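Summary of structural features
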Amino acid sequence: LSFFIKNREGQLLACSDEHVHLNNAKRKEDILGKTSHERTSKNLADRHVKDDKQVMETGTRMINRLELVDAAGRASSLPVWRVTTKIPLYAKDGKVIGLAGVSRTMIGHPYGSDLPQNILSAIKYVNSNFSRKIHISQLAKIAKISTSSLQRAFRKHLNTTPQSYIKDMRLS
């Protein structure tokens, strides 16, 4: 289990040892004070910053978001899937001053049994073939649904598009 606290500017103020490990750092001092863009790939950092801004600007919690974590520097080159929750932190005057988060690694397949089998088939194909050129029409055929249905299913179940999922797999 990993925990972290960020200020309004997105700088890491505190974190667990597990969070240090996830950032491929040796010591907390190596990552404290840094933003997501200083600690991870641009694509994943952009997504983290977007989530952070939403939490801090709206004061709304983000509960159990499935996220990819960079694989760079790890023994395995496979991406790591984590479930993350972020909540706003408030000053005495009621203004949001940052956020706190917890994150845990998914054990086994990241989607569990709730994901429809046809979408799981498309995901397994991407996970095994992301280094090759993959067409969305090809994924739709594997899932045995239309491309528009595939787009909607990815948004509903994964909170992303098939194109972004493929890109995340390539960049992680």
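For the structure itself, look to the data block above.
Right, let's walk through the structure included here.

The rules behind each value
- Residues numbered from 1 in each chain as written.
- Predicted model: local features only at pLDDT ≥ 70, side-chain atom pairs only at ≥ 80, totals over all residues.
- Heavy atoms only, no water.
- Helix = DSSP H or I, 4+ residues; strand = E, 2+ residues; numbered from the N terminus.
- Buried < 20%, exposed > 50% of the residue type's maximum accessible area, 1.4 Å probe, protein only.
- Contact = heavy atoms within 4.5 Å.
- Areas by Shrake-Rupley, 256 points an atom, 1.4 Å probe, with all protein chains shown as cover.
- 1 Å grid on protein atoms, 1.4 Å probe; cavity = no way out; pocket = protein on both sides within 12 Å on 5 of 7 lines; lining within 4 Å.
- Points joined across faces, edges and corners; volume = space filled by probe spheres on them.
- Nonpolar A, V, L, I, M, F, W, Y, C, P; charged D, E, K, R; others polar.

Focus on the overall build of the protein
For the protein, the count of helices and strands is 7 helices and 5 strands. Its helices and strands in sequence order give the protein the pattern β-β-α-α-α-β-β-β-α-α-α-α, from N to C terminus. The buried share of the protein, taken over its 172 residues, is 44%. Nonlocal contacts in the protein, meaning residues at least 24 apart in sequence, comprise 47% of its contacts between residues at least 6 apart. For the protein, the accessible surface area stands at approximately 9800 Å², while carbon and sulfur atoms represent 52% of it.

What to know about the layout of surface pockets
Estimated volume of the largest pocket: approximately 350 Å³. For the largest pocket, the lining is made up of 21 residues, of which Arg47, Arg65, Leu158, Asn159 and Thr160 are closest to its centre. Elements with a contribution of two residues or more to the lining of the largest pocket: α3 (42-58), β3 (62-69), α6 (147-158) and α7 (162-171). Looking at the lining of the largest pocket element by element, the count peaks at 7 residues for α3. When its residues are assigned to classes, the lining of the largest pocket shows 7 nonpolar, 6 polar and 8 charged.

So far we have only geometry, and geometry alone does not tell us how the molecule works.
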